Amino acid sequence: MSDPYPGYRWLREQAPVSYLANHDLWVVSRYADVVEVLSDPYRFSSQLGMGAVQSLHAPQSVDYRIGAPGVRVLIATDPPEHSRLRRAVLAPFGRSAIARLTPRIERVAADLVADLVANAERGDAEIYRDLAAPLPVLVLAELLGVPTGMRDEFREWASVITDDLDANGATDTRLGRGYDMFRYFYTEIRRRKHEPSDDLLSVVAATDAAGLSDREVMAFCAFLLVAGVETTTNLFTNLIDTLVRRPEVRRRLWAAPELAEPVVEEALRYDTSVQGLWRATVADDRLGGVDLPAGARLLVLFGSANRDDETFADADAFDLERSPNPHLAFGYGHHRCLGAGLAKVELVAALRALVTATGGLAPRGKFVRRDSLVLRGFSAQPVTVWPR
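Residues numbered from 1 in each chain as written. Predicted model: local features only at pLDDT ≥ 70, side-chain atom pairs only at ≥ 80, totals over all residues. Heavy atoms only, no water.

A. Expanded view of empty space enclosed by the protein. One pass over the full model with this rule turns up 3 cavities of 30 Å³ or more. Reported here for the largest cavity is a volume of approximately 50 Å³. In terms of lining residues, the largest cavity is bounded by Arg72, Val73, Leu74, Leu85, Val89, Leu212, Glu216 and Phe220. (1 Å grid on protein atoms, 1.4 Å probe; cavity = no way out; pocket = protein on both sides within 12 Å on 5 of 7 lines; lining within 4 Å. Points joined across faces, edges and corners; volume = space filled by probe spheres on them.)

As structure tokens, this is what we get:
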């Protein structure tokens with residue numbers, strides 16, 4: 001959990017397409033192989049790979065899954081269905097929509113950094129709590145058109161979904177939290193169908209033409225909480241950890257705040273939040289010189305691909321001048337992240353606000369990494385910052 005990258009290097013060099021018999025899972029670690037899988041949904045299916053499937057070879061365990069049986073979720077569908085569903089919700093994530101939202105994102109980031117600095121004066125500044133966690137929640141609330149006062153509920157609901165990526169089964173507590181989330185979305189979606197506005201919930205509520213059931217519309221909203229909140233939070237906490245560990249980069253950034261954008265771009269490659277996701281073979285296939293049976297579950301490692309020296313020169317270095325930088329932090333192909341542009345704006349706004357408002361940053365205690373195979377990030381980052 002603390003540093004998977006040496007293990008990834010070993011996999012790329014020794015077993016780039018490796019079978020884990022205990023999990024009935026094939027691990028794909030080289031950049032070229034990862035891109036091949038992501039480029040061809042007709043050979044490597046998201047629907048088969050990310051659905052709730054009982055393993056035939058390891059029946060005691062249920063593989064990691066997204067969604068529930070019989071409920072289509074954007075990330076777990078294949079073309080042409082995926083293309084139709086994606087088009088139905090694309091507009092709020094387009095460049096013009098993000099451009100309109102950017103000034104608001106920058107104001108929110110500046111306000112949160114001001115609170116962080118105030119907390120630092122009391123010896124209680126915390127990056128995750130004060131900046132990384134609330135920023136994407138507030139932005140998503142703005143995008144969805146719901147009260148920003150519900151940000152604590154949004155954060156809690158997002159954890160319901162991310163828990164499902166890393167744990168088999170569910171406790172009564174988690175189920176109760178999930179019911180609250182779906183009850184809220186159901187009520188709001190029904191209301192938006194009669195009182196539409198220009199927010200994302202209204203766009204989602206109008207997706208009947210895409211053939212979505214009410215359950216699937218609510219599932220899409222739940223998915224947005226992960227795609228729009230957890231991944232961005234984790235990306236920012238990973239970025240902060242990198243800056244702490246690489247003082248030469250930190251010093252350059254604080255001396256030249258205009259470097260915020262290239263720092264974010266390289267941080268996305270260097271330590272991404274989504275380390276891997278699943279696919280499955282549609283038929284007997286061959287990948288990286290290895291024969292795969294039909295229905296083989298693949299764990300496709302974005303985190304490993306982003307450190308592949310065959311694609312990135314000196315891949316373990318943090319290089320602000322790296323160009324080109326074809327990282328896979330937002331995936332690739334049909335399933336490239338719908339909100340990639342929005343996430344970048346949030347990350348750059350938060351980093352620029354932090355750098356312009358403070359004279360520096362240092363750890364104030366132990367950073368606590370979240371216990372997750374799929375989502376890499378931190379759940380606590382106590383720091384010291386001081387005004388410029």
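Okay, back to it.
B. View of the pattern of salt bridges. Scanning all chains against the criterion turns up 25 salt bridges. Among the salt bridges present, the one from Arg30 reaches Asp33, with a minimum N-O distance of 3.1 Å. We note a salt bridge from Arg129 to Asp130, for which the minimum N-O separation is 2.7 Å. Relative accessible area serves as the criterion here: at 39%, Arg129 is assigned to the partly exposed category. Here the salt bridges share partners, and the residues they tie into one network are Arg9, Glu13, Arg307, Asp309 and Asp316. (Salt bridge = Lys/Arg side-chain N within 4 Å of Asp/Glu carboxyl O. Buried < 20%, exposed > 50% of the residue type's maximum accessible area, 1.4 Å probe, protein only.)

C. Representation of the sheet that holds strand E8 (residues 297-301). Taken in spatial order, the 5 strands make up an open sheet running E1-E2-E8-E5-E3, and their pairing is mixed. The strands lining the two open edges of the sheet, one partner per strand, are strand E1 (17-20) and strand E3 (44-45). Sheet topology places E3 next to strand E5 (residues 276-281); 2 bridges connect them, and they run antiparallel. Counted as the bridge partner of Phe44 is Thr281 from E5. (Pairing = 2+ DSSP bridges. Helix = DSSP H or I, 4+ residues; strand = E, 2+ residues; numbered from the N terminus.)

D. Representation of the packing of aromatic side chains within the structure. In the structure shown here, the tally under the stated rule is 6 aromatic pairs. Here Tyr270 and Phe318 contribute two aromatic rings whose centre-to-centre distance is 5.4 Å and whose plane-to-plane angle is 75°, an arrangement assigned as edge-to-face. One end of the pair, Tyr270, is in helix H13 (residues 260-270); the other, Phe318, is in the loop between helix H14 (302-305) and helix H15 (340-357), and 48 residues separate them in sequence. Under the relative-accessibility criterion, Phe318 is labelled buried at 10%. The ring of Tyr5 has Arg307 sitting right over it, with the charged end atom 3.8 Å from the ring centre. The ring of Tyr270 is capped by Arg307, whose NZ or CZ atom sits 4.0 Å from the centre of that ring. (Phe/Tyr/Trp six-rings, centres within 6.5 Å; stacked < 30°, edge-to-face > 60°. Lys NZ or Arg CZ within 6 Å of the ring centre and 35° of its normal.)

E. Region of the structure containing helix H5 (residues 95-121). The terminal C-alpha atoms of H5 lie 38 Å apart, and with 27 residues this matches the ideal 39 Å at 1.5 Å per residue to within 8%. Along its length, H5 shows its largest kink, about 40°, at Leu101, and proline Pro103 lies within four residues downstream of that point. Looking one or two residues beyond H5, the residue adopting positive phi is Gly123, at roughly 75°. (Expected span 1.5 Å × (residues − 1). Bend = angle between axes of the 7 residues up to and from the residue.)

F. Here's a closer look at unusual backbone geometry. Here Pro79 and Pro80 are connected by a cis peptide whose omega angle stands at 0°. Note that Pro80 resides in the loop between helix H3 (46-50) and helix H4 (81-88). Residue Pro324 is bonded to the preceding Ser323 through a cis peptide linkage, with omega at 0°. Inspection of the secondary structure assignment puts Pro324 in the loop between H14 and H15. Positive phi is not limited to glycine here, since Asp24 has a value of about 50°.

G. Summary view of the nonpolar core. Membership of the largest hydrophobic core comes to 122 residues, with the highest contact counts inside it found for Phe154, Phe185 and Leu351. Of all the elements, helix H11 (residues 214-245) adds the most residues to this core, at 15 residues. Residues within four places of Phe154 in sequence aside, it is in contact with Val137, Leu140, Ala141, Leu144, Val146, Tyr184 and Leu225. (Core = buried A, V, L, I, M, F, W, Y, C linked by side-chain atoms within 4.5 Å. Contact = heavy atoms within 4.5 Å.)

H. Summary view of the packing of helix H7 (residues 134-144) against H11. In contact at an axis separation of 9 Å, H7 and H11 are set at 150° when each is read in the N-to-C sense. On the basis of the axis angle, H7 is roughly antiparallel to H11. Handedness of the H7/H11 crossing: right-handed. Contact with H7, carried on its side by Pro136, Val137, Leu140 and Leu144, involves Leu224, Leu225, Gly228, Val229, Thr232 and Thr233 of H11 and no other residues of that element. A class-by-class count of the residues in the contact of H7 with H11 yields 7 nonpolar, 3 polar and no charged. (Axes fitted to C-alpha atoms, helices over the stretch in contact; angles between N-to-C directions. Parallel < 35°, antiparallel > 145°, perpendicular 65-115°, else oblique. Left-handed = near helix turned anticlockwise from the far one by under 90°. Nonpolar A, V, L, I, M, F, W, Y, C, P; charged D, E, K, R; others polar.)

These figures capture arrangement, not role.
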